[in-house]
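Inside the fold
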Amino acid sequence: MQLYQNTWLYFHLFGAEGYEFLEYNLPHPNFLMHSNLGVFIGWLIKGYPGTAKSKDYFNDIIARFIIAFKEYKPERLPYRPYLKREAIVNLNQIYDLKLFQNLPSLYWANKKHIWSTDSVGTIDQIFWAIKLYTEELIKEFGEGIPVPYEFLEDFALRNFFDRKDKSTLRAKCRNIWNWYNERNWTIPKRRDWKMTRSERAKKNAELKKQRARAVLLGFIQNNLLADEYKKADGTWNVTKLSKATKLDPKTIRKHLKELKEEGLL
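In this report, the structure presented in the accompanying data block is examined. Everything numeric in this text was worked out from a predicted model, so none of it was measured.

**As for the overall build of the protein chain**
Helices and strands together make up the secondary structure of the protein chain, namely seven helices and seven strands. Ordered by position from the N terminus, the helices and strands of the protein chain form the series β-β-β-α-β-β-β-β-α-α-α-α-α-α. Of all intrachain contacts in the protein chain linking residues separated by at least 6 positions in sequence, the fraction that spans at least 24 positions is 67%. Put simply, the protein chain shows about 15900 Å² of open surface, and 51% of that area lies on carbon and sulfur atoms.

Here it is as C-alpha cells:
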C-alpha cells in the first residue's frame, strides 16, 4: 500500500550510459536499465503531486532534470518501470525530492538574454525546458521552418504534471511558439555561463572518480558471475577486476575500500 503514496520519477535518456546522474550528485536510482538507445532511469519519491503546491515542486525538479540533461533528449515516462526486466533495481530506499536540488536552475543574468546558473532573479524552469526543447526541434527541422505547435504541447503535457484544465502548460507553449514564429523560427545567440578553468578541472576530476565508482559497483552488483572475481580467501581479485572493467588497479583498490566501509559490498 505504501507504494501508492509515492511517485516514480522515471525518464529515458537517449544515448546516455547510465552514470550521468553522478554529475549533479543525485542519489543512486531505484531503477536503471540499459538499452540500445540509451538508459531508462527512475527514482521512487516520497509523496504524491496531489496539490497545486506539490505539483509545482515536482514540475520544477522535472524541468531542471530536462534542462540539465538536454543533450540526451530526456523524456519523463508517465508510468512506473516494469521491475521484472533485466535491470538494476533497488527498492530499499525512497527518496525525498529535496535530494534533487543539486540539479541546475536557469536564471536571467541581465537584460541581454544571457542565462546562467548564478542566482540572479529566478525564471520559470518549466517554460525554459519547453523553450530549449523547441530550439532542438528548430535545429532538427532547420531554421526558418515552422515547428508544429502540437509538438510543443505534446511535450509539455507528456513531461509535466498538469492542472485539471491544462491551461497553464498550454499558455506557456503558445507564448513560446508565438515568440519563435515572430522571429521566423531562428535561434537567438545566447552566451552560456562558464566555469573557470580550475573549477572545471576540479569538477571533471570528481566526475571521473564517480564514474569509476559507478562502473565498479555496477559490475559487481549486476554480475551473476561476480564470485569468479574473488580469490580463495574471499577478497576481490583486483587484477581480474581491472581487466574486466578497464579501471586502474589503484583506483579499484581505493573504491573497494570505500564501498566496503560504506556497507555497499
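Now that the structure has been shown, we can carry on.
**A short note on helix H6 (residues 238–245)**
By the burial criterion, the buried members of H6 are Val 238, Leu 241, Ser 242 and Thr 245. One side of H6 holds all its buried residues, which, seen down the axis, span an arc of 100°. Capping of H6 at its N-terminal end is provided by Asn 237; its side-chain oxygen lies 3.2 Å from the backbone amide nitrogen of Thr 239. Lys 246 sits one or two positions beyond H6 and adopts a positive phi of about 65°.

**Observations concerning the side chain of Asn 30**
Tracing the backbone through its elements, the reader meets Asn 30 in the loop between strand S1 (6–14) and strand S2 (31–35). A polar atom in the side chain of Asn 30 sits 2.8 Å from the backbone oxygen of Asn 90. Excluding residues within four positions of it along the chain, Asn 30 makes contact with Trp 8, Gly 42, Trp 43, Leu 44, Ile 88, Val 89, Asn 90, Leu 91, Gln 93 and Tyr 95.

**A closer look at the pattern of salt bridges**
Under the defined criterion, the tally for this structure stands at nine salt bridges. The partner of Arg 213 in a salt bridge is Glu 262, and the shortest N-O contact between them spans 2.6 Å. Of this pair, Arg 213 sits in helix H5 (residues 197–221) while Glu 262 sits in the segment after helix H7 (249–261), and the two are 49 residues apart along the sequence. Arg 213 gets classed as buried once you look at its relative accessible area, which sits at 11%. Using a relative accessible area of 46% as the deciding quantity, one classes Glu 262 as partly exposed. Among the charged side chains, a salt-bridge network with shared partners connects Glu 75, Asp 154 and Arg 158.

**A few points about the pairing of S1**
Most of S1 sits out of view: eight of its nine residues are buried. Here nine bridges tie S1 to strand S3 (residues 38–46), and the two strands are oriented antiparallel to one another. By the bridge assignment for S3, Tyr 10 is matched with Gly 42.

**Re the packing of aromatic side chains**
Inspection of every chain in the model, using the stated rule, returns 16 aromatic pairs. Measuring from ring centre to ring centre gives 5.8 Å for Phe 58 and Phe 161, while their planes differ by 80°; the resulting arrangement is edge-to-face. One end of the pair, Phe 58, is in helix H1 (residues 52–68); the other, Phe 161, is in the loop between helix H3 (149–159) and helix H4 (167–182), with 103 residues separating them in the sequence. Comparing Phe 58 with Phe 161, the two get one shared label, buried. Centre to centre, the rings of Trp 179 and Tyr 180 are 4.9 Å apart; their planes meet at 80°, and the pair counts as edge-to-face. With a relative accessible area of 24%, Trp 179 lands in the partly exposed category.

**Re the sheet that holds strand S5 (residues 88–89)**
Hydrogen bonding along the main chain pairs the strands of a sheet, whether they run parallel or antiparallel. Pairing is antiparallel across the open sheet formed by five strands, whose spatial order is S4-S1-S3-S2-S5. Of all strands in the sheet, those with a lone pairing partner are strand S4 (75–76) and S5, marking the two edges. With five bridges connecting them, S2 and S3 associate as antiparallel partners. Pairing of Met 33 across the sheet is with Phe 40, part of S3. Each of S1, S3 and S4 is contacted by H1, which is oriented at about 15° to S1, the strand it contacts most.

Conventions and cut-offs
- Each chain carries its own residue numbering, running from 1 in the written order of its sequence.
- Given that this is a predicted model, residues contribute local features only at a pLDDT of at least 70 and side-chain atom pairs are listed and counted only at 80 or more, while totals for whole chains, interfaces and linings are drawn from all residues.
- With hydrogens and water set aside, each side-chain value is computed from the structure's full complement of heavy atoms.
- Helix and strand definitions follow DSSP, with helices as H or I runs of at least four residues and strands as E runs of at least two, each counted in order from the N terminus.
- Contacts were defined at the residue level, with two residues in contact if any of their heavy atoms lie within 4.5 Å.
- Values of accessible area rely on a 1.4 Å probe in the Shrake-Rupley scheme; residue burial ignores everything except the protein chains shown.
- Partly exposed residues are those whose accessible area sits between 20% and 50% of the maximum for their type, while under 20% is buried and over 50% is exposed, using a 1.4 Å probe and protein chains only.
- Relevant arc is that of directions from the helix axis to the C-beta atoms, nothing else.
- Under this definition, polar contacts are N or O atom pairs within 3.5 Å; protein pairs additionally need one hydrogen-donor-capable and one acceptor-capable atom, and for neighbouring residues in sequence, both atoms have to be side-chain atoms.
- Here, a salt bridge means any Lys or Arg side-chain nitrogen found within 4 Å of an Asp or Glu carboxyl oxygen.
- Only when DSSP finds a minimum of two bridges between them are two strands counted as paired.
- In summary, the pairing rule links any two rings of Phe, Tyr or Trp, Trp by its six-membered ring, whose centres are within 6.5 Å, and it sorts them by plane angle into stacked for under 30 degrees, edge-to-face for over 60 and tilted for everything else.
- Axis angles are defined between N-to-C directions and span 0 to 180 degrees, where every axis is a line fitted to C-alpha atoms and, for a helix, only to the segment in contact.

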